[in-house]
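Structural overview
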Amino acid sequence: MQRLIMLSAVTRMPRHEATSLVFDTLNRLGGWVDDVRMYSNIMNTIRFTLPGEALPALVAALGDSHIAIDQDGLPTACPPGKDISGSLQITFIHDEPDLRRAIPAVPG
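Please read all numbers here as calculations on a predicted model, not as lab measurements.

Pairing geometry for strand β2 (residues 32-39) and strand β3 (residues 43-51), over seven bridges, is antiparallel. Looking across to β3, one finds that Val36 is bridged to Ile46. Hairpin connection of β2 to β3: three residues between the antiparallel strands, including Ser40 at a positive phi of 55°.

If you want it as structure tokens, here you go:
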């Protein structure tokens, strides 16, 4: 059975910069991004797969880059040689107004 890790974080970094940083860090550690959901400019949820032994390095690297991951519920050890699936929910702290997108009219 594959282990599912759910991480949550907050940051004051711009959302595009933070998202790119997470993607690059996952790739550098041998993982990959499975899916991304962007909820306005308030939150992103990134689903990923990562070698189990790389989870502490992911948490440390993101923490060093000012993406503070909540440490509650983090596993103390992950099995080496096995991939883990996880999600990272990043909440962005800023004073920007809600992001509005224009929806084009559909002819019909």
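Our next topic: the environment of Val36. Checked against the element boundaries, Val36 lands in strand β2. When the C-alpha atoms of Val36 and Ile46 are compared, they prove to be 4.5 Å apart, with 10 residues separating the residues in sequence. Excluding residues within four positions of it along the chain, Val36 makes contact with Phe23, Thr45 and Ile46.

Turning next to the nonpolar core. In this structure, Leu7, Val22, Leu50, Leu55, Leu58 and Leu88 are the most contacted members of the largest nonpolar core, which totals 23 residues. Looking at this core, the elements that each hand over two or more residues are β1 (4-11), α1 (15-28), β3, α2 (55-64) and β5 (83-92). Discounting chain neighbours no more than four positions away, the residues touching Val22 are Ile46, Leu62, Ile67, Leu88 and Ile90.

Looking at the secondary structure, you find Ser87 in strand β5. With sequence-adjacent residues up to four places away left out, Ser87 is seen in contact with Ile5, Met6, Leu7, Thr45, Ile46, Arg47 and Phe48.

The topology assignment puts Asn44 in strand β3. Here the side chain of Asn44 touches Thr19 through a polar contact of 2.7 Å, side chain to side chain. In this structure, Asn44 is in contact with Arg15, Thr19, Arg37, Met38, Tyr39, Leu88, Gln89, Ile90 and Phe92, ignoring residues within four places of it in sequence.

A word on the packing of α1 against α2. Each packed pair of helices is defined by two parameters, the angle between the axes and the distance between the axes. Contact geometry of α1 with α2 gives a least axis separation of 10 Å together with a crossing angle of 145°. Judged by the sense of rotation from one axis to the other, the crossing of α1 with α2 is right-handed. Contact residues: Leu21, Val22, Thr25, Leu26 and Arg28 in α1; Leu58, Ala61 and Leu62 in α2. Across the contact of α1 with α2, the residue classes break down as six nonpolar, one polar and one charged.

Before going further, it helps to examine α2. Every buried residue belonging to α2 is among Leu55, Leu58, Val59, Ala61 and Leu62, and all of these are buried. The buried residues of α2 occupy an angular sector of 165° when the element is viewed end-on, so they sit on one face. Residues Pro56 and Asp64 are exposed on α2 and point more than 90 degrees away from its buried face. Packed against the buried residues of α2 are β1, α1, β3, β4 (68-69) and β5.

What counts, and where the lines are drawn
- Residues numbered from 1 in each chain as written.
- Predicted model: local features only at pLDDT ≥ 70, side-chain atom pairs only at ≥ 80, totals over all residues.
- Heavy atoms only, no water.
- Pairing = 2+ DSSP bridges.
- Helix = DSSP H or I, 4+ residues; strand = E, 2+ residues; numbered from the N terminus.
- Contact = heavy atoms within 4.5 Å.
- Core = buried A, V, L, I, M, F, W, Y, C linked by side-chain atoms within 4.5 Å.
- Buried < 20%, exposed > 50% of the residue type's maximum accessible area, 1.4 Å probe, protein only.
- Polar contact = N/O pair within 3.5 Å; in protein donor to acceptor, adjacent residues only side chain to side chain.
- Axes fitted to C-alpha atoms, helices over the stretch in contact; angles between N-to-C directions.
- Left-handed = near helix turned anticlockwise from the far one by under 90°.
- Nonpolar A, V, L, I, M, F, W, Y, C, P; charged D, E, K, R; others polar.
- Arc of directions from axis to C-beta.

All we've got here are geometric facts, nothing functional implied.
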